[in-house]
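# Overview (structure and organization)
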Number of protein chains: 2
Amino acid sequence: MKKNLRIRLLQLNAAVGDFDANLKTMIDELREAKLDGIDVLVAPELAISGYPPEDLLLRPALCGKLQHALNCLADAADGVTLCVGAPEYIEKSEKYGRAENESAGVTKLWNSLWVFEARAHVLSYHKQVLPNYQVFDERRYFLPGDSAQIHEVKGVKLGLLICEDVWVPEIVERTCLAGADLLLVINASPFSEHKYDERIAEVRDRALKNGLPIAYVNLVGGQDELVFDGGSFAISAQGDLVARARFFSPDKIDLEYSDGCLSGDRFEPAPLADELLYKALVLGVRDYFNKTGFSKAFLGLSGGIDSALTLAIAVDALGAKNVHAVMMPFLYTAEISLEDAREQAKVLGCEFSILSIDSVVHEFIEALDPFFLGHAVDSTEENLQSRCRGVLLMALANKTGALVLTTGNKSEMAVGYATLYGDMAGGFAVLKDVWKTRVYELSRYVNRDKKIIPERVITRPPSAELAPDQQDSDSLPPYDQLDPILSMYVEDDLTPSEIIAKGFTEGDVLRMCRLVDISEHKRRQSAVGPRTTSRGFGRDRRYPIANRWKF
Amino acid sequence: MKKNLRIRLLQLNAAVGDFDANLKTMIDELREAKLDGIDVLVAPELAISGYPPEDLLLRPALCGKLQHALNCLADAADGVTLCVGAPEYIEKSEKYGRAENESAGVTKLWNSLWVFEARAHVLSYHKQVLPNYQVFDERRYFLPGDSAQIHEVKGVKLGLLICEDVWVPEIVERTCLAGADLLLVINASPFSEHKYDERIAEVRDRALKNGLPIAYVNLVGGQDELVFDGGSFAISAQGDLVARARFFSPDKIDLEYSDGCLSGDRFEPAPLADELLYKALVLGVRDYFNKTGFSKAFLGLSGGIDSALTLAIAVDALGAKNVHAVMMPFLYTAEISLEDAREQAKVLGCEFSILSIDSVVHEFIEALDPFFLGHAVDSTEENLQSRCRGVLLMALANKTGALVLTTGNKSEMAVGYATLYGDMAGGFAVLKDVWKTRVYELSRYVNRDKKIIPERVITRPPSAELAPDQQDSDSLPPYDQLDPILSMYVEDDLTPSEIIAKGFTEGDVLRMCRLVDISEHKRRQSAVGPRTTSRGFGRDRRYPIANRWKF
C-alpha cells in the first residue's frame, strides 16, 4: 500500500507569555488545516509559551495556563495530528529555584514536542540536547529527555526532534534507528549572519547520512535581543532542498510525503547577505515595538551614518508616520550634518525637528563651573553634550508615549565609544550588533535603488562632532582595521598577540582590546538590540565588570 | 596509632581574572603554613580564577594562564598539602561556544578541587553538582564529575567536595561511603539574608547523618552583584560548630583533627541580621570600587532616607574623604531636605555641595516648549528634573575620575518608581536589593550608637520631591503593604490572587504586580548592585522585556 501524508509546517510568530493568543492561532490553524485536508500540522518549539520564556517558566502559575492550553489543543485536534512545542511538567514543585540542585529535584520541566490527535494527547517527545551556551539557558529550566520517539500517522513513522537535537549526529541516528520514515524537527533557532547556511548544512548532512527526508519548522519574529528568521524548509533524503517558507514573516508550507519521497508546494527565495541582515534588523525593531506595545519612535539624527541607517530601518519597521527624527545641533555640528539630516528625513517622509542643545549645554557648563575650575577640558564636556541630547529625546518620547531608538553600532559598543545616558539613552539599540564596516555596507544596500541616505553621509569621515574638528580616527584606528581586531577579540576569543600576528598594529590591538575589557559597565547598562552575529553583546557574552584579566 | 592533622582554612578575597595576584597570595600562604606546621591548607572554590569568572572561562588564553599557575602551585606545595579550587580542562577545544552542544563536545572544563603535595599535582576532584539556577550558570562552562574522591594525608582520609555538592545528601553520603574520615568542602557561596543559617543547617545535617566532621571554607569579597560573606567554619560529627572565621573580611582558621574529633583555634561571632546585611552592603561597595580601580564616589543626597543610608554605607566602605554628597534642590525640594542633607554630611565628615537644578531644568522646559504645547504636565517633567541631576552627578564624576552611586531601593526597582538616566544613573546601585522597609531598619541600625542619619529623614513621609507636595503614597501603597506584596510576587512567585488571599487590597496587588511586569526595561539598564535577598534583580531574575504574561 502506498504511504501518503500531507504535512503543513506552521511558521509562527508566537509572543512570549501570551498563552491565549498563541493558543487561538493554533486552534484557528487546526481548523484551516482540516479544511485543507492536511494530515499533520507542525508548529515550532515552545510555540505555546513563546521562546524564550525565561524565568516565566519558574512561576508556578504557568502550570495552570499551560494545562488549559494543552487541554484546548487536545479538544481541537480532530482529524488532524498536531505536533507542537510546549513545556511539560515532570512533577510539580514548590521548591523551584531554591538553593538546591538538579539531582535534588529543582528542574521539573521538559522542553517537549506534544502530539495531539483524535482529540487526545497521544505522545510527548522530550528534547534531548539542551543548549546552555551563547544566548541559551535551557539547563536552567529543563531536564533532558533520554530517548527517541516515533509517532505513526497513516502508516508513516515520524521521527520527532527539537532544534538542538538535529545538530547532534548521534541523536538523529538514534531516532532513525528507532524506525523513522521521515524526521520532523521543531525549532526556535535565532538568526545570526551565516546561521541559515550552517543550519542547512547540518540538516542536509543528517538527511544524507541517514537516508531520510527532514521537515524543519522554525519560529519567526523578534523577541528582545533575538530575531527568529523563519525560513522553514524541507530537505529530501538525497539532501535537496525541496520546499522553503519565507524569511522574516509568518508563513506556512505544505509538504507531501509519498513513499520515502518528500516534496513541497513552495520554494521561497532566500535573501542575500545584506538584505538578510537588513530584514533581520527591521523585524527586530518592529516586533520589539509590537510586543512591548509601542508604535512611535524618536531618534537623534546627527548627519552621521549610524543614525542615518537606523532611521531607514525604523521607517521600514514602523512606517514613516511613526518615526520622528530630531537633529540636535551644537557648536561642533557641521552645516552639512544639518543639511544631510534634513534631506534624508524629507526623502523618507518622516517627521523632522531641529532642537539646538546650545542653551542647555551652556547652562550646565555654567552650573558646573565652580567645580570644574582648575580642571582641563576633557571628555566630560563631550559627554555633557551627548547627555543633553539624551535628556531631550527622552523628554519628547516620554511626553508622547514613544520609544527612543539608540543609534550606536557594535564597534562603538565594543570599545565604549559611546556616552552612558547620552547617545546610549533609549529602549532599543538597533545596530548594537552591527560592526561599523557592516553599517557602511547596509547603507549602500539601503541606497540600492534610490538615494535614501545622502551620499555625503556615507563618504565623509566619521565624527561624533563633540569637539572642534573631531574625527573618529583621532581616538580609534580606521574602521577597516578596528573591526577585524574587535571581531577577533570579541567573537573569536583570540589573544592580542594572535591578532598582532595577523598583521595588525601592536599599539592599536593592545589599546583596543583593553578598551573592550574596561567598557563592560557601559554595555551592562545599554539597551537591548538584535543579535545578528555569532556573538552579540547582551545574554550572549557574559563578562564580569570587575575583571582583572590581563591578556 | 593516633591520627593527627593540622588543617588551615584560607578564607580569601580572590579577584576575578587576576591569576597572578591570586597565585601570589596562595604561594605566600603556603610558605606561612609550612612555617606554622600546617599539614593541609584549604582554599576556596575557583580561588585561582576568582568566582564567577563567567565567559573568561571561554577564552582559550585561559588555558596557558591556568597551567602556569598550577605548575607554580605544584612547585610551591612542599611540606604542606594544598587543596584549592581551579578550573580543569577536560580536553582543549577550539570550538568552545560554537552552535554545538555538550554531547558534541563544547563543554570542556571541570570545576575542580586540585590537590598538590610533595611538589606535585596528586589528585583532582571534579564538582558533581553544578548549580545552574538563580545567579549561577555553571552548566554553561563545566561538565559534572561523576565520582567521589578521597585523599589521604598522614593516615587521615579527606573526603573532597565543592560547594553545591554538600547540599545534596546522596553526594555527601557517597563520599563518606568511599571511606572519608573528615570532609573538606571548598566554596564560593554568595551571601543573601538567612543564607548563613541555611548553610549551617545543611552542613550540620550532613555531619550528623554521616557521623563525620566537616570543614567548610568560603570565599569572601564583592564581585559585581555578588557578595561572598566568608564565615568559614568547622562542624563536628555531633553537629557542633567548633570553629568560625570572620565575616566579610579575609581570614584563616586553624583546625586540629585528632582521631575523629575536629577542633578549631577560634570562634568569631556572627553578626545579627541588620549588621550582617549592612556589612554585606559595605563590602559590596568597597570591593566594587577596589576591583574596578575607583576610589572616589559621588552621590545625590536628597534629604530622603535612601540616599541617607547610601551615604552612610559609602562612607563606611570608602572613607569620608572619598565620598562627595551633592544636594541638587529644585522648586519642590523642602527646606528640611536641605537642612537634613547638610547635617548628615557634616556628621559623617564627607564633602558636601549644593548645586541647584533650577536653571538647567528651566532651560530644558523652554527648549521643549514648542513640542510640549497642548500636552498636559505629567511625569515627563518629573523625569526631566531627575535626569538633570543625573547629568550633573555624572559630569562631576567624569571630571574627577569618580564613580556615581545610585540610591534607589528594591521596592522602587521592582515597580519602576525611578527614572532611567536620572536617579538610576551611576555605576553601582547600593540598595538595589534592599526593600524599603529594610532601608528603614538599616537606618535605625546606622543610628544605633550615634545620630548619623537625622531623625527627621527617618520619620518624615517618603517623597521623591519631583512635584508640589508629592508623597510616595500618592502613587504607591504604604511600604509596609507594598513590600510584602512585591516580595511575594518577585521572590516567591505567588500569583496576585494568592497575595490577595493573604489579606492585601486587590487593586493594589494587581496594579503593583503589573508595574513589576512592565518595568523590566528599566531594570535591564540599571547599574549592578549587591544581591542580598533570595532573589535579586540582575542575573538572578531573567525576565523577558517583551512579555505578554497576564496573571
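Everything below is about the structure shown above.
Residues numbered from 1 in each chain as written. Chains lettered and ligands numbered in written order. Predicted model: local features only at pLDDT ≥ 70, side-chain atom pairs only at ≥ 80, totals over all residues. Heavy atoms only, no water.

On to the overall build of chain A, then. The number of helices and strands found in chain A is 17 helices and 20 strands. For 551 residues, the compact-globule estimate of 2.2 N^0.38 gives 24 Å, and the C-alpha radius of gyration of chain A, at 26 Å, lies within 12% of that figure. In chain A, which comprises 551 residues, the proportion classed as buried is 65%. Carbon and sulfur atoms make up 52% of the accessible area of chain A, which totals about 18,500 Å². A gap of 3 Å separates the mean positions of the 62 positive and 80 negative side-chain charges of chain A. (Helix = DSSP H or I, 4+ residues; strand = E, 2+ residues; numbered from the N terminus. Rg over C-alpha atoms; globule rule 2.2 N^0.38 Å. Buried < 20%, exposed > 50% of the residue type's maximum accessible area, 1.4 Å probe, protein only. Areas by Shrake-Rupley, 256 points an atom, 1.4 Å probe, with all protein chains shown as cover. Lys, Arg positive; Asp, Glu negative; His and termini not counted. Charge placed at Lys NZ, Arg CZ, Asp CG, Glu CD.)

Attention shifts here to the environment of Ala317 of chain A. Looking at the secondary structure, you find Ala317 of chain A in helix α6 (residues 305-318). Filtering out sequence-adjacent residues up to four positions away, Ala317 of chain A remains in contact with Val282, Val285 and Arg286 of chain A. (Contact = heavy atoms within 4.5 Å.)

Tracing the chain through its elements places Glu54 of chain A in the loop between β2 (40-42) and α2 (62-76). For Glu54 of chain A, a relative accessible area of 9% corresponds to the buried category. For Glu54 of chain A, the residues in contact, after removing those within four places along its chain, are Tyr141, Asp224 and Arg539 of chain A together with Arg524, Arg542, Tyr543 and Pro544 of chain B.

Here we take up the relation of the copies chain A and chain B. Least-squares fitting of chain A to chain B yields an RMSD of 0.0 Å, with the transformation described by 0.0 Å of translation along the axis and a rotation of 180°. Taken together, these values place the two copies in the relation of a two-fold axis. Using C-alpha coordinates, one finds that chain A approaches the rotation axis most closely at Gln525 of chain A, a distance of 2.1 Å. The residues that chain A uses at the interface reappear at the interface of chain B in 100% of cases, marking a shared surface. (Least-squares fit on C-alpha atoms with pLDDT ≥ 70 in both.)

What follows deals with the interface of chain A and chain B. Taken together, the contact between chain A and chain B spans 100 residues of the former and 100 residues of the latter. Together chain A and chain B conceal approximately 9,300 Å² of surface at their shared face, both sides included; 56% is due to carbon and sulfur atoms. Sorting the residues of chain A by area buried against chain B places Arg59, Lys399 and Trp549 of chain A first, and these three jointly supply 10% of that buried surface. Here Lys550 of chain B and Asp18 of chain A are joined by a salt bridge, their closest N and O atoms 2.9 Å apart. Taken together, the links from chain A to chain B amount to 49 residue pairs in polar contact (both at pLDDT 80 or more). Put simply, the parts of the chain that give the side of chain A that touches chain B at least two residues each are α2, α4 (195-210), α5 (273-292), α8 (358-372), α9 (379-400) and α17 (520-524) of chain A. Counting residues per element, the side of chain A that touches chain B draws most heavily on α9 of chain A, which supplies 14 residues. Looking at side-chain class alone, the side of chain A that touches chain B contains 46 nonpolar, 24 polar and 30 charged residues. (Buried area = accessible area lost by both parts, 1.4 Å probe. Salt bridge = Lys/Arg side-chain N within 4 Å of Asp/Glu carboxyl O. Polar contact = N/O pair within 3.5 Å; in protein donor to acceptor, adjacent residues only side chain to side chain. Nonpolar A, V, L, I, M, F, W, Y, C, P; charged D, E, K, R; others polar.)

Moving on to unusual backbone geometry. Residues other than glycine predominantly adopt negative phi, and peptide bonds predominantly adopt the trans conformation. Looking along the chain, the bond that leaves Tyr51 of chain A and enters Pro52 of chain A is cis, with omega of -10°. Examined against the element boundaries, Pro52 of chain A turns out to sit in the loop between β2 and α2. The backbone of Glu465 of chain B shows a phi angle near 50°, a positive value even though the residue is not glycine. Mapped onto the secondary structure, Glu465 of chain B falls in the loop between α12 (455-459) and α13 (472-475). According to the relative accessible area criterion, Glu465 of chain B is buried, its value standing at 10%. Even without glycine at this site, Asp469 of chain B takes up a positive phi of about 55°. Turning to its location among the elements, Asp469 of chain B is positioned in the loop between α12 and α13. The exposed category is assigned to Asp469 of chain B, whose relative accessible area is 76%.

Residues and elements named next belong to chain A. The strand order across the open sheet built from five strands is β18-β17-β16-β19-β20, with neighbouring strands paired in parallel fashion. Bordering the open sheet on either side are β18 (351-354) and β20 (428-429), each of which pairs with just one other strand. Relative to β18, strand β17 (residues 323-327) runs parallel, the two sharing four bridges. Residue pairing in the sheet places Val326 in a bridge with Ser353 of β18. Across the sheet, α5 lies against β16 (297-300), β19 (403-406) and β20, angled at about 155° from β19, the strand it touches most. (Pairing = 2+ DSSP bridges. Axes fitted to C-alpha atoms, helices over the stretch in contact; angles between N-to-C directions.)

Once that is clear, we can look at the packing of α8 of chain A against helix α9 (residues 379-400) of chain B. Close contact between α8 of chain A and α9 of chain B brings their axes to 11 Å; oriented N to C, the two are set at 35°. Judged by the twist between their axes, the crossing of α8 of chain A over α9 of chain B is right-handed. Only Cys388, Val391, Leu392, Ala395, Leu396 and Lys399 of chain B of α9 of chain B make contact with α8 of chain A, whose side of the interface consists of Phe364, Leu368, Phe371 and Phe372 of chain A. For the contact of α8 of chain A with α9 of chain B, the per-class residue count stands at nine nonpolar, no polar and one charged. (Left-handed = near helix turned anticlockwise from the far one by under 90°.)

Applying the stated criterion across every chain yields a total of 29 aromatic pairs over all chains. Seen in terms of ring centroids, Tyr278 of chain A and Tyr445 of chain A are 5.4 Å apart; in terms of plane orientation they differ by 55°. Their pairing is tilted. Of this pair, Tyr278 of chain A sits in helix α5 while Tyr445 of chain A sits in helix α11 (residues 436-446), placing them 167 residues apart in sequence. The class for Tyr278 of chain A is buried, based on a relative accessible area of 6%. Look at Trp549 of chain A and Phe19 of chain B: their rings are 6.3 Å apart centre to centre, the planes differ by 80°, and that puts the pair in the edge-to-face class. Of this pair, Trp549 of chain A sits in the segment after α17 while Phe19 of chain B sits in helix α1 (residues 19-35), on two different chains. With respect to burial, Trp549 of chain A and Phe19 of chain B carry one shared label: buried. Taken together through their ring pairs, the aromatic side chains of Phe191, Tyr196, Tyr216, Phe233, Phe247 and Phe248 of chain B make up a single cluster. Sitting above the plane of the Trp549 of chain A ring, Lys65 of chain B keeps its charged end 4.7 Å from the centroid. (Phe/Tyr/Trp six-rings, centres within 6.5 Å; stacked < 30°, edge-to-face > 60°. Lys NZ or Arg CZ within 6 Å of the ring centre and 35° of its normal.)

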